[in-house]
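# Understanding the architecture of this molecule
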Amino acid sequence: MNMNRRQFFKVCSAGLTGSSIAVMGFSPTAALAEVRTFKLARATETRNICPYCSVSCGVLIYSTGDKSKNSQSEIIHIEGDPDNPVNRGTLCPKGAGLRDMIQSKDRLKWPEVREAGSSEWKRISWNEALDRIAKHMKADRDANFIAQNADGLTVNRWPTMGALVSSASSNEAGYLTVKTLRGLGVTALDTQARI
Amino acid sequence: MTNHWVDIKNADLIFVMGGNPAEAHPCGFKWAIEAKKNRKAKLVVVDPRFNRTASVADYYAPIRPGSDIAFLGGVINYLVSHDKLQHEYVKAYTNAAFLIDEGYGFEDGIFSGYNEEKRNYDKSTWKYQMGEDGFAKVDETLQDPRCVFQLMKAHYARYTPEVVQQVCGTPKDAFLKVCEYIASTAAKDKVMTSLYALGWTEHSVGSQNIRCMAMIQLLLGNMGMAGGGIGALRGHANVQGITDMCAYSQNLPGYLSAPNETDKDRTSYLEKRTPKALRPNQMNFPQNFPKWFTSLCKAWYGNAATPENGFAFDWLPKLGGPGDTLAIFHAMFEGKINGFICQGFNPLSSVPNKKKVGDALARLKWMVVIDPLATDTSEFWKPHGEFNDVKPAEIPTEVFRLPATLFAENSGTFTNSGRVIQWRWKAADGPGDAKDDTEIIAALFLRLKAMYAKDGGAFPDPILNLTWAYTQPAKPSPEELLREINGKALADVVDPKDPTKVLVKAGEQLPSFAMLRDDGSTACGNWIYCGSWSQAGNNTARRDNSDPSGLGQTLNWGFAWPVNRRILYNRASADVAGKPWDAQRTVLKWTGTAWGGNDIPDMRPNAAPEENVMPFIMTPEGVGRLFSRELMAEGPLPEHYEPFESPLDNNPMHPNNPKAKSNPAARVYKGDMEAFGTAKDFPYVATTYRLVEHFHYWTKFSQINAIMQPEQFVELGEELAKEKGIKAGDKVKIRSNRGFIKAVAVVTKRIKTLDVDGKKVHTVGIPIHYGFKGATRPGFITNTLTPFVGDANTQTPEYKAFLVNIEKA
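Rules used in this analysis
- Residues numbered from 1 in each chain as written.
- Chains lettered and ligands numbered in written order.
- Predicted model: local features only at pLDDT ≥ 70, side-chain atom pairs only at ≥ 80, totals over all residues.
- Domains from an automatic or database assignment.
- Contact = placed C-beta atoms within 7 Å.
- Helix = DSSP H or I, 4+ residues; strand = E, 2+ residues; numbered from the N terminus.
- Nonpolar A, V, L, I, M, F, W, Y, C, P; charged D, E, K, R; others polar.
- Expected span 1.5 Å × (residues − 1).
- Buried ≥ 20, exposed ≤ 12 C-beta atoms within 10 Å, placed from the backbone.
- Pairing = 2+ DSSP bridges.
- Axes fitted to C-alpha atoms, helices over the stretch in contact; angles between N-to-C directions.
- Parallel < 35°, antiparallel > 145°, perpendicular 65-115°, else oblique.
- Left-handed = near helix turned anticlockwise from the far one by under 90°.

### Points about the domain arrangement of chain B
Residue and element names in this part refer to chain B.
- Each assigned domain of chain B is listed with its residue range as follows: domain 1 (325-463) and domain 2 (658-808).
- When each unit is reduced to the centre of its C-alpha atoms, the spacing between domain 1 and domain 2 is 27 Å.
- Taken together, the contact between domain 1 and domain 2 spans 21 residues of the former and 22 residues of the latter.
- Put simply, the parts of the chain that give the side of domain 1 that touches domain 2 at least two residues each are helix 14 (325-333), helix 15 (347-350) and helix 16 (354-361).
- Of the residues belonging to the side of domain 1 that touches domain 2, the class tally is eight nonpolar, eight polar and five charged.

Next comes the structure, spelled out in structure tokens:
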């Protein structure tokens, strides 16, 4: 049978299993009366990777909407990617719960600040947050940057700034973070690799 | 991993020690089951707990946490004394025949050159004897008493089965049974793979645990073989990739050692890092270091990196000391760090000694948390009952919390444990105003750049000149970034043998790191990723999973670094003449004119076997190291040292030398040494571990995972439970010298009391996943208990072996 995954769902949605369709010799082009379609048949399928352990299982993310500019996607289902040669469609108890992590009630939605000594968060705009942080960074870098050490060797580092970089972000985000931190002169940086 | 997940199916023996893949890497562990099912492979597990990997094993042996080197040293002794070696391999492909400096020695637990005050070694004697021809001297008969083989044999002769039982608590017959399994793979056509994870790394001797296995795999001829090698089962889905990008202090992307205060200029910096071959005819691939480094400088500083300014060498910050996580938090604790960016990281939970970490954060002027979730760290200042007992008014740290998108909400690559880089596509927008990490970093950088351009300030050059040629500067795309990481030709790259022949035209993406140059004509953000986005396009997005060899190599799926090679050191899968040791599992073979087979050769493609180019091309020797020269902090041969918190009064290997009780070269900060507890007050060994339902401190935010494993528990054996009057389900209090947690007691048969050095040792198992934030029941942070000391090489903390006491709460 020559059909893609989405067509397969459509055929299956007639209420038969894929294998029995094959056994009965139906081709996907056969006109079958549609009683009810699976939601997934109308969903957009996106290939991604489970972010938990280093098996890095391929996942298929199903979302509503078709990714057109004015449509909001909502993730409705995640399952293992059967094409991925490592996990071959499987997911473990961690990965099987991915949708609940994405939709956790603890997701952050806007920038916040906790002022010195305060006991609560305060919502602020991105501009205010970024402006304040950038000003803090520049003031500290200008005050503490070491151009040369005691022996007169050029060292050009910013010793009073530390950073931990995420191992859950992409290579591209990690690379940009490293490039930026080194560009600023930061040497106290680390990641989850050793923790 | 030297090999990759699917390759586990090609093994004859899967040896799991220092890991529990059935629970921590379930979908990868499936390949161990496939090996058992399809090729009758055996699975052997050594672990303090009879865990779920052990439950499907052919054989299980218990061990005391922190005694792995004694066990593995015993294995080395068994292999050598029973002559269970792959002789041809050991002789040709390892440094067994190399002669060692006459000054090298080992006495009562301490190697030559120890400085007790500084807790480090002068390693000048840990080296080869050099001949007048400039190459290392060898004795191919392996009989010279100064050759590596004889030194190694003598070193491990002390690790008898009786000593293993005494130190590890592993019954002698169980130890010998494990040895028999391992020794069976010395045959040329039998292969063992080793799977390990944090159970080996998270010790003050973590790196040497792994060195032991590297030695064993070399002695058995299992490195480079399909179904062989060493499987470092890593943590996060992209911890391999972020390690490759070197988001840590001592290296620049692609494992290029970062400049430090001993590097005066570019020339001396390069000279120190560009080794000369130690044997004739070797590839000595790191001789290309200047090409990798110069191309990185060009990627970061573009036209501003010129031959005249040493390609902007001085703009790179020079390290002034260690910058690892423990060092960062210690500096913070001492008030030496003012500002801190915490991106997708929850250090209050994941760094040892939570009290110290919380106190350190409270001494910051400001902290920026960039995360998709409301982590415990972001609320270190907020009272959460007895789980986080703090007073906000006394904490002056200004804390910003910026919402980031997560994996499903952005595109880009992850690199799995088998080094396969795979593209991911964005499925949906993040919630609310969440932004991608790239956008947040860009926003901060562009603000700083604008301020430095307008107002000046401390040395603005490296900021003003950092390349930022992204189509939308405020939104660098993952496609643009991966192209930059891969690298391109800035001028025509020509064939060094025929300058009229243009290999890569100016402006084109580079096909491989073989094209990198040290004259500024190429730019490359990470040389080992070169080829991931070539002129042909995004190779990480390839999705052809066909497997013509049947070995599971899938060479057209994604892109593996380096150069799409799936099995590292694969030249060693064939004998000296180029014939595969096992034709059923051919990875590589000499075809008469070139290397061919089922992988990208880890060898110059036209290096004929008679040229004697040895397989370990990243070493200047060309061979694998049984003796690691000066490259490890605590010695060139692994030696057993006790954990810093040990149930024993001394190191049974060296009972009369207190200096050799615990790793003599491990860094211990003042205050942390004093915070170690003793067996008198804390008589039980504790080890932390992970559950199949949870991932680190992350899934506690997911409802379904919280339902499956809702609450902190600790696991203790029946004998200890009986002694303490603790029943299953009781609430217990576990104390170390650094604090306490409370948890539900699980009384099990899975952890046995062991007889160690004449005394009974009980072990308590403590899962790590809980905290005061998230969907799980609010609880304590396990790392309240753990000691602030790390491995002497990597500074990975000793989470896996420390001391506690336990009582009914």
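We are not done yet, so read on.
### Considering helix 17 (residues 437-455) of chain B
- Taking 1.5 Å per residue as the helical rise, helix 17 of chain B with its 19 residues ought to reach 27 Å, and the 27 Å between its terminal C-alpha atoms agrees with that figure.
- Among all positions in helix 17 of chain B, only B:Asp437, B:Thr438, B:Glu439, B:Ile440, B:Ile441, B:Ala442, B:Ala443, B:Leu444, B:Phe445, B:Leu448 and B:Tyr452 are buried.
- As for helix 17 of chain B, its buried residues are in contact with helix 5 (126-144) and helix 6 (171-184) of chain A together with strand 12 (339-343), strand 13 (366-371), strand 14 (398-403) and helix 18 (461-464) of chain B.
- Just downstream of helix 17 of chain B lies B:Gly456, where phi reads positive at about 70°.

### A short note on the pairing of strand 15 (residues 412-415) of chain B
Residues and elements named next belong to chain B.
- Here strand 15 pairs with strand 16 (residues 420-424) via four bridges, running antiparallel. Within strand 16, the residue paired with Thr415 across the bridge is Ile421.
- As consecutive antiparallel partners, strand 15 and strand 16 are separated by four residues, and within that stretch Arg419 has a phi angle of approximately 70°, a positive value.

### Quick notes on the interface of chain B and chain A
- Listed as interface residues are 138 residues of chain B and, on the opposing side, 101 residues of chain A.
- Of the residues forming the side of chain B that touches chain A, the biggest block, nine residues, is contributed by helix 17 of chain B.
- Of the strand pairs in this sheet, strand 7 (residues 154-165) of chain A and strand 12 of chain B are connected by four bridges, and their pairing is parallel. Bridge pairing in strand 12 of chain B links A:Met161 to B:Gly339.

### Here we look at the packing of helix 4 (residues 68-81) of chain B against helix 10 (residues 206-219) of chain B
Residues and elements named next belong to chain B.
- It is the contact of helix 4 with helix 10, at a shortest axis distance of 9 Å, that shows an interaxial angle of 15°. Regarding the angle of helix 4 to helix 10, the classification is roughly parallel. The interaxial crossing formed by helix 4 with helix 10 has left-handed handedness. Each of Asp68, Ile69, Leu72, Gly73, Val75, Ile76 and Leu79 in helix 4 lies in contact with helix 10, whose residues at this interface are Gln208, Asn209, Cys212, Met213, Met215, Ile216 and Leu219.
- Partitioned by chemical class, the residues of the contact of helix 4 with helix 10 number ten nonpolar, three polar and one charged.

### Some remarks on the sheet that holds strand 2 (residues 42-47) of chain B
All names here are of chain B.
- Overall, parallel pairing links the five strands, which are arranged 3-2-1-8-9 in an open sheet. At either end of the open sheet lies a strand with only one pairing partner, and these are strand 3 (59-62) and strand 9 (230-232). Averaged over all neighbouring strand pairs, the angle between strand axes comes to 15°, with direction disregarded.
- In this structure, strand 1 (residues 13-17) lies alongside strand 8 (residues 192-196), joined through four bridges in parallel fashion. The residue bridging Ile14 from the neighbouring strand is Thr193, located in strand 8.

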